[in-house]
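Read off the chains here:
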Amino acid sequence: MSRTSPILRLRVVAMANPPTDINEVLSQRIKEAEDVCVADSASKECAVAWDEVEELSAEIAHKRVKEGAKKDPLEEFCKDAPEADECRVYED
Amino acid sequence: MANIKLTFPSSPSSSTSMQTLLPLRAGFYGAPLLSSSPSSGHLLVPGHSSGKRYKLFVCTASSTEQPVIIGLAADSGCGKSTFMRRLTSVFGGAATPPKGGNPDSNTLISDTTTVICLDDYHSLDRNGRKRENVTALDPRANNFDLMCEQVKAIKEGRPIEKPIYNHVTGLLDPPETILPPKIFVIEGLHPMFDARVRELLDFSIYLDISDEVKFAWKIQRDMAERGHSLESIKASIAARKPDFDAYIDPQKQHADVVIQVLPTRLIPDDNEGKILRVRMIMKEGIPNFKPVYLFDEGSTISWIPCGRKLTCSYPGIQFSYGPDVYYDNEVSVLEMDGQFDKLDELIYVESHLSNLSTKFYGEITQQMLKHADFPGSNNGTGFFQTVVGLKIRDVYEALRAEEAATPLKSAKA
């Protein structure tokens, strides 16, 4: 059997990745914050942990709003081509 | 679009007067802000012996058109907030993230307005903050020198390379280029914290949400998320409160307008936070800013519009207006408690308020209807946010008018 070209094999090295799903990360951070704050709820570490939770929660909420704001395809089209026939507006 | 050339007989030292000028863009209200007709004005150049007259063609070299800088302090994250969407809508056009750039960019750009998120000036990313044990609210996590330098650059008409703070990864991403827009809004936790940045702001707003309302809103926002519970939301607010009170809250005294959101007084024990009492605290004596008033400026008024001419559903609407002192500043406070349920109520209220800065009857109602799906569209938050948008428009137009007057002055000098 002849090989016309060397076959390159890519070896994907599995790395220990942090969970990429932001919701997963949020759940993790909430648990961590609760643990940190058990010792001293007024400590800096506690504030920092909950601050991170707040940041993630805000970002998740923003993404949810962005997804929800998926608009009507006609509106999207008319934004770029307001002079098109389909986009005519009548004011009687 | 007209190509306008401005010529002077003997060139003054300034080189801009001899430049071929940029094409005159139609103002965003659909009509040119400055007249482009040759007969728009005549310029007498003193010192010229024959006293010749020169026709002044419109002159707007972009370096003299200073962007208007607005600061907005809010705890709810950046750029995608309802306030910003209403604001950009007043000026026309939808604000979208920069096309073709980092998908996690926090910046919003419309035809006239660019909104940047001050989180982009974090000096410490999420790991850094954990390491140094500081929250994002702490000034130590933010690079105020860079913030000042870049806001100044925009104000002077120069583009900037602004870092991007990625809220998803918690890292600082490579910078994006921001060009000076007509209106530049800096939104975030610390727009008025640094005195040098405060000097650069033409107008500033602080969104002050009371603890009870904040709690109710965060419950609405987060309860659906796996992992969150009533306790975790409560704990999160409580843990951040010391830093918030120390670093963020004091900015209130520097704001030109504070929009304070409180629970309603119309329903006893309403803890759902659905009906809101919203107060617009407006500083007196700010250039180009005329506070809104009800019936008689400077007096104290209490007004319930619902009655014979207007029927409202429970719990109705209550307004009050009056002068006050806020952190040693003279202010006027306009307050709205309750909800709009019908179009009639909105237009009725709008027609009885004064100094709203509307350009036509019903402009606020129209703006509110345009975004009827936005949160706050039926109460004082949406109403006052829209009013603030119009006030910013006033500031913008006043500054443009001032600039249009100065080239004439400098040419005469």
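Residues numbered from 1 in each chain as written. Chains lettered and ligands numbered in written order. Predicted model: local features only at pLDDT ≥ 70, side-chain atom pairs only at ≥ 80, totals over all residues. Heavy atoms only, no water.

Taking an unreviewed UniProt entry as the reference, chain B is identified by name as Phosphoribulokinase belonging to Ceratopteris richardii. UniProt lists a comment for chain B under the heading Sequence similarities (unreviewed entry), and it reads "Belongs to the phosphoribulokinase family." In its Pathway (unreviewed entry) section, UniProt records this for chain B: "Carbohydrate biosynthesis; Calvin cycle." (UniProt positions renumbered as here; feature names shortened; annotations may be inferred.)

Per an unreviewed UniProt entry, chain A is named CP12 domain-containing protein, and its organism is Ceratopteris richardii.

K.L.:
Looking at this model, I keep getting lost on the state of the cysteines. Mind explaining?
P.N.:
Think of a disulfide as a covalent bridge from one cysteine sulfur atom to another cysteine sulfur atom. Residue and element names in this part refer to chain A. Enumeration according to the criterion identifies two disulfides over all chains in this entry. Linked covalently through their sulfurs, C37 and C46 form a disulfide whose S-S length is 1.9 Å. When the S-S torsion is 105°, as for the bridge of C37 with C46, the disulfide is right-handed. Neither C37 nor C46 differs from the other in exposure class; each is buried. (Disulfide = S-S within 2.5 Å. Buried < 20%, exposed > 50% of the residue type's maximum accessible area, 1.4 Å probe, protein only.)

K.L.:
How should I be thinking about empty space enclosed by the protein in this particular structure?
P.N.:
Where empty space is left can be seen by rolling a probe of water-molecule size over the atoms. For the coordinates displayed, the defined rule picks out five cavities of 30 Å³ or more. Quantified by volume, the second largest cavity comes out at close to 50 Å³. Lining the second largest cavity we find V48(A), D51(A), E52(A), E55(A), R126(B), R129(B), K130(B), V134(B) and T135(B). For the lining of the second largest cavity, the secondary structure elements donating two or more residues are α2 (44–68) of chain A together with α2 (126–132) of chain B. Counting residues per element, the lining of the second largest cavity draws most heavily on α2(A), at four residues. Along the lines of polarity and charge, the residues of the lining of the second largest cavity split into two nonpolar, one polar and six charged. (1 Å grid on protein atoms, 1.4 Å probe; cavity = no way out; pocket = protein on both sides within 12 Å on 5 of 7 lines; lining within 4 Å. Points joined across faces, edges and corners; volume = space filled by probe spheres on them. Helix = DSSP H or I, 4+ residues; strand = E, 2+ residues; numbered from the N terminus. Nonpolar A, V, L, I, M, F, W, Y, C, P; charged D, E, K, R; others polar.)

K.L.:
In this structure, what is going on with the confidence of the model for chain A? I would like to understand it.
P.N.:
Close reading of the predicted structure is inappropriate where its pLDDT is low. All names here are of chain A. Here chain A shows a mean pLDDT of 76. Residues at 70 or above account for 74%. Mean pLDDT values over the elements of chain A span from 75, in helix α3 (residues 73–80), up to 89, in helix α1 (residues 22–39). Every residue in residues 12–18 scores below 50 in pLDDT, and together they form zero contacts with partners more than four places removed in sequence or on other chains. (pLDDT = per-residue confidence, 0-100. Contact = heavy atoms within 4.5 Å.)

K.L.:
What should I look at first to understand the interface of chain B and chain A in this one?
P.N.:
If you look at the interface, chain B gives 33 residues, while chain A gives 32 residues. Taken over both partners, the interface formed by chain B and chain A buries close to 2800 Å², and the fraction arising from carbon and sulfur atoms is 49%. Counting the surface chain B buries against chain A, the share from its top three residues, N133(B), R221(B) and R226(B), is 21%. Here E55(A) makes a salt bridge to R129(B), at a shortest N to O gap of 2.6 Å. In this assembly, chain B and chain A are joined by 12 residue pairs in polar contact (both at pLDDT 80 or more). The set of elements that each furnish at least two residues to the side of chain B that touches chain A consists of α2, α5 (211–222) and α6 (230–248) of chain B. When the residues that make up the side of chain B that touches chain A are grouped by side-chain class, the tally is nine nonpolar, nine polar and 15 charged. (Buried area = accessible area lost by both parts, 1.4 Å probe. Salt bridge = Lys/Arg side-chain N within 4 Å of Asp/Glu carboxyl O. Polar contact = N/O pair within 3.5 Å; in protein donor to acceptor, adjacent residues only side chain to side chain.)

K.L.:
Sorry if this is basic, but what is going on with the packing of helix α7 (residues 343–352) of chain B against helix α8 (residues 363–370) of chain B here?
P.N.:
Helix packing for two helices is described by the angle between their axes and how far apart those axes are. Residues and elements named next belong to chain B. Put simply, α7 and α8 touch, their axes get as near as 8 Å, and they point 145° apart. Here the hand of the crossing between α7 and α8 comes out right-handed. In contact with L343, L346, I347 and E350 of α7, α8 contributes E363, I364, T365, M368 and L369. For the contact of α7 with α8, a count of residues per class yields six nonpolar, one polar and two charged. (Axes fitted to C-alpha atoms, helices over the stretch in contact; angles between N-to-C directions. Left-handed = near helix turned anticlockwise from the far one by under 90°.)

K.L.:
What is the right way to look at unusual backbone geometry in this model?
P.N.:
Excluding glycine, most residues fall at negative phi; most peptide bonds, likewise, are trans. All names here are of chain B. Following Y314, the chain continues into P315 via a peptide bond in cis, with omega recorded as 0°. Along the polypeptide, P315 turns up in the loop between β13 (301–303) and β14 (317–326). In this structure, Y327 is a non-glycine residue whose phi angle is positive, near 50°. Locating Y327 in the fold gives a position in the loop between β14 and β15 (329–338).

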